[in-house]
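One-letter residues, chain by chain:
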Amino acid sequence: MSKPSVWVSLAVGLVLGFVGGRVGRPSDASASAVEARGAPTAAKAPGARQRPPISPTVYKVPLDGSIAAGPEDALVTLVEFSDYECPFCSRAHGTVKQLQEKYGKKLRVVMKHHPLPNHPHAKPAALAALAAGEQGKFWEMHDTLFSNARALNEGDLERYAQGLGLDVERWKKDMSDARLAERIRKDESLAMQVGATGTPGFFVNGRFISGAQPLEVFTGVVDEELGKAEALVKGGVRPAEVYARVIEKGVDRPPSQPAAAQQELPVQKVEVGNAPARGPANAPVTLVAFSDFECPFCARAVPTMKALEQEYAGKLRVAFKHQPLDMHPHAKLAAAASLAAHEQGRFWEFHDILFANQRQLDRASLEAYAKQLGLNEARFKAALDSGKFDSQLTADMSEGTRVGANGTPTFFINGRPLVGALPIDQFRRIIDEELKKSGAAR
């Protein structure tokens, strides 16, 4: 393929990434799943805010005994996959409250837990809520956690338990119960299966809404589903059976994209080099990510990468390269700090902290994270002051530009590009194909 053709293809790929949505679905009513250097902004009419309609696709989202607020015979069931440390989830929590007030007994809200790996306090908070539920105070703890999303350490959680009048010793014992941890694991697995890779994710009678969307987006879908449910009841379906009837013919996972959307960009030669990497060096599949610690879409891809590493353990190697965008003032310093942590053998731990704290990436915050990880602080500060990582960052950025990774995140799976925070099945498809080529198919 000629060089001009390559760049035309890459441009097409970036456009697809831009329109893909928060997790790369046509139904997402959110911003693009990729950020790019110098990306043009389309002109909009004053006051106009265009949002694509929510897809009519219905997913089978079983309730499986998850804690619910609202009657079992509610005509509309909203299943929420959420994370107590996620700021977007906190924002959406207020919207859910408004929906409950508006629809009353017609709406049932079901909470499922999807603590993201880049939020270190999210899983303990989920356990705290479930443990409170063992004493009949789940929703009170749930509200408290969302109201205090920046104060979720161990002492904070215990203070909330005391404030709710819980038997704290029993609550602590329940928090360590493997049964509750297994409930969270099942919720996480279901979230990844149905494509809710980021948080928050909602399913309204099985229809997916991604992110902290405005109230009118939710009410539009709820009203549609309420009308359908009322028609079912008139046809003889018992109200308590409506949800089961609605999802019984639903899909288990996101539908495959049309062939045109799957058209691939040309394969590129991308070496791991001295990039931080984990997984066997001789793994049959290598995934190289070009990313930016200040990019929100890069953060959304983190749980997808974690899930892939677990799923393909021993067969997948993941490497991280830096593409700090000019629009993100702290991204380059954060990248250098991650390499300073890498120098002390703690890159991936630092990587997780940075993505969990994207709004606090100034120098003082970076030094605080180094202290939190127990790094040699003097060595860390000296490394940042020296500018010793400038050449590596420049090399990563130059390579990214050469292979077309002008937007973040961009991934190369054995050199095959994927642009944006896409659904996990798109990664699986390419990984499975590469494993089959190598004779190591799962």
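Residues numbered from 1 in each chain as written. Predicted model: local features only at pLDDT ≥ 70, side-chain atom pairs only at ≥ 80, totals over all residues. Heavy atoms only, no water.

Asks: Can you lay out the sheet that holds strand 4 (residues 107–113) for me, pointing to particular residues and giving the numbers?
Replies: One open sheet accounts for five strands, arranged 2-4-3-5-6; its pairing is mixed. Each end of this open sheet is capped by a strand with a single partner; those strands are strand 2 (68–69) and strand 6 (207–210). Two elements, strand 2 and strand 4, share two bridges in a ladder whose sense is antiparallel. In the sheet register, Ala 68 faces strand 4, and the bridge partner there is Val 110. Against the sheet, helix 2 (residues 87–103) touches strand 2, strand 3 (76–82), strand 4 and strand 5 (201–204), its axis set at about 155 degrees to strand 4. Seen against the sheet, helix 8 (residues 215–234) touches strand 3, strand 5 and strand 6 and runs at an angle of roughly 175 degrees to strand 6. (Pairing = 2+ DSSP bridges. Helix = DSSP H or I, 4+ residues; strand = E, 2+ residues; numbered from the N terminus. Contact = heavy atoms within 4.5 Å. Axes fitted to C-alpha atoms, helices over the stretch in contact; angles between N-to-C directions.)

Asks: Can you tell me about the nonpolar core, naming the residues and giving the values?
Replies: Ranked by size, the top nonpolar core spans 52 residues in total, and within it Leu 287, Leu 308, Phe 350 and Phe 427 carry the most contacts. In terms of residue count, the dominant contributor to this core is helix 10 (residues 296–311) (eight residues). Contacts of Phe 350, omitting those with residues within four sequence positions, involve Ala 337, Ser 338, Ala 341, Leu 366, Tyr 369, Ala 370, Leu 373 and Phe 380. Counting 38 residues, the second-largest nonpolar core is a separate cluster that includes Val 96, Leu 99, Ala 212 and Val 217. (Core = buried A, V, L, I, M, F, W, Y, C linked by side-chain atoms within 4.5 Å. Buried < 20%, exposed > 50% of the residue type's maximum accessible area, 1.4 Å probe, protein only.)

Asks: Let's hear about the sheet that holds strand 9 (residues 316–322): which residues, and what values?
Replies: Read across the open sheet, the five strands follow the order 7-9-8-11-12; overall the sheet is mixed. Only two strands of the sheet have a single neighbouring strand rather than two, namely strand 7 (277–278) and strand 12 (416–419). In this structure, strand 11 (residues 410–413) lies alongside strand 12, joined through four bridges in antiparallel fashion. Bridging across to strand 12, Thr 410 finds its partner in Val 419. Strands in contact with helix 16 (residues 424–438) are strand 8 (285–291), strand 9, strand 11 and strand 12; relative to strand 12, the strand with the most contacts, it is inclined by about 170 degrees.

Asks: Give me the packing of aromatic side chains: which residues, what numbers.
Replies: This model, assessed by the stated rule, comprises 13 aromatic pairs. With a centroid separation of 4.9 Å and an interplanar angle of 85 degrees, the aromatic rings of Phe 138 and Trp 139 are classed as edge-to-face. The class of Phe 138 is buried, set by a relative accessible area of 3%. On the basis of an interplanar angle of 55 degrees and a centroid distance of 5.5 Å, the ring pair of Phe 320 and Phe 347 is categorised as tilted. Taken together, the residues span a long stretch of sequence, with Phe 320 in strand 9 and Phe 347 in helix 12 (residues 347–356) at a distance of 27 residues. A relative accessible area of 4% places Phe 320 in the buried class. Given the relative accessible area of 2%, Phe 347 is considered buried. One Lys or Arg, Lys 102, reaches over the ring of Tyr 103 and ends 5.5 Å from the middle of that ring. Here Arg 300 stacks its cationic end above the ring of Phe 88, 4.8 Å away from the centre of that ring. (Phe/Tyr/Trp six-rings, centres within 6.5 Å; stacked < 30°, edge-to-face > 60°. Lys NZ or Arg CZ within 6 Å of the ring centre and 35° of its normal.)

Asks: Account for the pattern of salt bridges, with residues named and values stated.
Replies: Applying the stated criterion across every chain yields a total of 30 salt bridges. A salt bridge links Lys 437 to Glu 434, with the shortest nitrogen-to-oxygen separation between them at 2.9 Å. With Lys 437 and Glu 434 both in helix 16 and three residues apart, the pair spans about one turn of that helix. Judged by its relative accessible area of 62%, Lys 437 is exposed. In this structure Glu 434 comes out as buried when scored by relative accessible area, which is 8%. Salt bridges linked by common partners bring Arg 416, Arg 429, Glu 433, Glu 434 and Lys 437 together as one network. (Salt bridge = Lys/Arg side-chain N within 4 Å of Asp/Glu carboxyl O.)

Asks: Just give me the short version of helix 11 (residues 331–342), but keep the residues and values in it.
Replies: Helix length check: helix 11, at 12 residues, gives a terminal C-alpha distance of 16 Å against a target of 16 Å (1.5 Å per residue), a fit within 8%. Summarising burial for helix 11: nine of the 12 residues are buried, a large majority. Turning to helix 11, its buried residues number three or more, namely Ala 331, Ala 334, Ala 335, Ala 336, Ala 337, Ser 338, Leu 339, Ala 340 and Ala 341. Buried residues belonging to helix 11 abut strand 9, helix 12, helix 13 (363–372), helix 14 (377–386) and helix 15 (390–403). (Expected span 1.5 Å × (residues − 1).)

Asks: Before we move on, could you go through the packing of helix 10 against helix 16 and cite the residues and values that matter?
Replies: Relative orientation of the contacting elements helix 10 and helix 16 amounts to 40 degrees, with a least axis distance of 10 Å. The crossing of helix 10 and helix 16 is right-handed. Contact with helix 10, carried on its side by Thr 304, Met 305, Ala 307, Leu 308 and Glu 311, involves Ile 424, Phe 427, Arg 428 and Ile 431 of helix 16 and no other residues of that element. Here the contact of helix 10 with helix 16 is composed, by residue class, of six nonpolar, one polar and two charged. (Left-handed = near helix turned anticlockwise from the far one by under 90°. Nonpolar A, V, L, I, M, F, W, Y, C, P; charged D, E, K, R; others polar.)

Asks: Break down the state of the cysteines for me, with residues and values.
Replies: Considering all chains together, one arrives at zero disulfides under this definition. Lacking any disulfide linkage, Cys 89 is separated from the closest cysteine sulfur, that of Cys 86, by 3.1 Å. Looking at Cys 89, the relative accessible area reads 0%, which means it is buried. Not part of a disulfide, Cys 298 finds its nearest cysteine sulfur in Cys 295, a span of 3.1 Å. Look at Cys 298 and you get buried, because its relative accessible area is 3%. (Disulfide = S-S within 2.5 Å.)

Interpretation in functional terms is not warranted from these geometric data alone.
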